[in-house]
Amino acid sequence: MGLTASVLAIDAGNSKTDVAVVAGDGEVLGTARGGGFRPPVVGGGAAVDALGEVVAEAFARAGVTAADHVSACLANADLPVEEKQLAAALRARGWGTTVEVRNDTFAILRAGVSAPRGVAVVCGAGINCVGMRPDGRTARFPALGRISGDWGGGWGLADEALWWAARAEDGRGGPTELARTLPAHFGLDSMYALIEALHLEHIEHARRHELTPVLFATAGHGDPVARAIVDRLAEEVVVMATVALTRLDLLDEETPVLLGGSILAARHPQLDDRVRELLTARAPKAVPQVVTARPVLGAALLGLDHERAEGRAHARVRGHFER
């Protein structure tokens, strides 16, 4: 019979996967990193197979063959039914005695708080928000894009910037510097040329995300249209946080509101200032803070929560990832 660890912590995002094997006292026995976790693109079985390679590497480095509990925070686990399906797939791999799958936004939330209590808004490629209380209550959104009422995220911002820039060039909309800065990013001289290049895939679809930093730079130079898009993102961030706080009966209590993901963590001055201004007005007890810790820390802490580990175990694993 092989050796076992207490927690197998998995944080699998769209772009990368981090795995940590943690002992009951919080010692990190081994870690590994792999590619993104994208079941909608490669299929569920292939995605879990790829995840298994990273887990095997972490187990080998830790000198163990299994864990008591698997704490997996996974991208594309947007609905409870998807969490259950993924938990069953992970359970079948025999990595741990018990398995709990959550959306990867929960890892960012838990990484930023000293106890499982608070709200996190994550804005990277997409946008999402979750909240939790120590009693197990949670708040969440489907976060499936426009069909679930979402607006924002890197892809959404890029599309919005393109929309306004195209209309500015052909006369259907007012002027904006985006009509110049967006095509210039790709060495083009007009929105028509950029639209053609995107449509004919002379510029790969995946490169659209490069336009989000251009949007923020254009806003930073005072362009009214670009600034309005950034302000709308701040509005969306605060609406999600306020609704989650309300659902958890935390609106009137001092509560951490964690801001994570590449866009919020970049701390663009206009966005950062507007988010804090709106939170002060609508949720005065909220305590906003940007999360910079690696999300796998949150997955590990959630695993230690499940195993009812002592506080010093939490402190030890946090010390490992925050040093």
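Heads up: the structure comes first, above all this text.
The present account deals with the structure reproduced in this document. What you are looking at is a predicted structure, and each value in this text was computed from that prediction instead of being measured.

Thresholds applied
- Numbering of residues begins from 1 in every chain and follows the order in which that chain's sequence is written.
- This being a predicted model, a pLDDT of at least 70 is required before a residue's local features are given, and a value of 80 or more before pairs of side-chain atoms are given or counted; all residues contribute to the totals for chains, interfaces and linings.
- Side-chain numbers here rest on the full set of heavy atoms in the structure, without hydrogens or water.
- Secondary structure elements follow DSSP: runs of H or I no shorter than four residues count as helices, runs of E no shorter than two count as strands, and numbering proceeds from the N terminus.
- Note on contacts: a residue pair qualifies if any of its non-hydrogen atoms lie within 4.5 Å across the two residues.
- Between N-to-C directions, angles span 0 to 180 degrees; the directions come from axes that are lines fitted to C-alpha atoms, helices contributing only their stretch in contact.
- In a left-handed crossing the near helix is turned counterclockwise from the far helix by less than a right angle, and in a right-handed crossing that turn is clockwise.
- Any residue that is not Ala, Val, Leu, Ile, Met, Phe, Trp, Tyr, Cys, Pro, Asp, Glu, Lys or Arg is counted as polar, Gly included; the first ten are nonpolar and the last four charged.
- A helix is expected to span 1.5 Å for every residue after the first.
- Relative accessibility under 20% of the residue-type maximum defines a buried residue, over 50% an exposed one, and the middle range a partly exposed one, all with a 1.4 Å probe and only protein chains included.
- Just to be clear on terms, a salt bridge is a Lys or Arg side-chain nitrogen sitting within 4 Å of an Asp or Glu carboxyl oxygen.
- Pairing between strands requires that DSSP locate at least two bridges from one strand to the other.
- For cavity detection a 1 Å grid was placed over the protein atoms alone, and a set of points counts as a cavity when a 1.4 Å probe fits there but cannot get out; an open set counts as a pocket when protein lies on both sides within 12 Å along at least five of seven lines, with lining residues being those that have an atom within 4 Å of a point.
- Grid points are joined across faces, edges and corners, and a volume is the space filled by probe spheres set on the points.

1. Remarks on the environment of Trp164
Tracing the sequence through the fold places Trp164 in helix 5 (residues 153-170). In the structure, Trp164 is positioned 15 residues away from Ala179 in sequence and 7.9 Å away in space, judged by C-alpha atoms. In this view, Trp164 contacts Thr176, Val225 and Ile229; residues no more than four positions away in its chain are not counted.

2. Some remarks on the packing of helix 5 against helix 8 (residues 211-220)
Two elements in contact, helix 5 and helix 8, have axes whose closest approach is 8 Å; the angle formed by their N-to-C orientations is 60 degrees. Of the two elements, helix 5 crosses helix 8, and the hand of that crossing is left-handed. Between helix 5 and helix 8, the contacting residues are Gly154, Leu157, Ala158, Ala161 and Leu162 on the first element and Leu211, Thr212, Leu215 and Phe216 on the second. Partitioning the contact of helix 5 with helix 8 into residue classes produces seven nonpolar, two polar and no charged.

3. Focus on helix 12 (residues 295-306)
Counted at 1.5 Å a residue, the expected span for helix 12 with its 12 residues is 16 Å, and the 17 Å between its end C-alpha atoms agrees. Buried residues of helix 12: Pro295, Val296, Leu297, Gly298, Ala299, Ala300, Leu301, Leu302, Gly303 and Leu304, and no others. Just downstream of helix 12, Arg308 is the residue with a positive phi angle, here 55 degrees.

4. Here's the deal with the pattern of salt bridges
Applying the stated criterion across every chain, the model contains 20 salt bridges. Between Arg102 and Glu100 there is a salt bridge; the shortest N-O distance is 3.5 Å. For Arg318, the salt bridge is made with Glu322, and the minimal N-O distance between the two is 2.9 Å. Within this pair, Arg318 and its partner Glu322 are both found in helix 13 (residues 311-322), separated by four residues, close to a single helical turn. The network of salt bridges with shared partners includes Asp18, Arg33 and Arg294.

5. With respect to the environment of Gln85
Residue placement: Gln85 occurs in helix 3 (residues 80-91). Overall, Gln85 belongs to the exposed group, its relative accessible area being 55%. C-alpha of Gln85 to C-alpha of Thr212: the two residues are 127 residues apart in sequence and 34 Å apart in space.

6. Things to note about the pairing of strand 3 (residues 28-35)
Where strand 2 (residues 16-22) and strand 3 come together, seven bridges link them in antiparallel fashion. Residue pairing across strands places Thr17 opposite Gly34, the latter belonging to strand 3. Following strand 2, the chain reverses through five residues before pairing antiparallel with strand 3; Gly26 in that reversal takes a positive phi of roughly 95 degrees.

7. Some points on empty space enclosed by the protein
In this structure the tally under the stated criterion is one cavity of 30 Å³ or more. Looking at the largest cavity, its volume works out to about 40 Å³. Surrounding the largest cavity, Leu259, Ile263, Leu264, Arg267, His268, Leu271, Asp272 and Val275 form its lining. Here the lining of the largest cavity gets three residues from one element, more than from any other, and that element is helix 11 (residues 269-282). Tallied by class, residues from the lining of the largest cavity come to five nonpolar, one polar and two charged.

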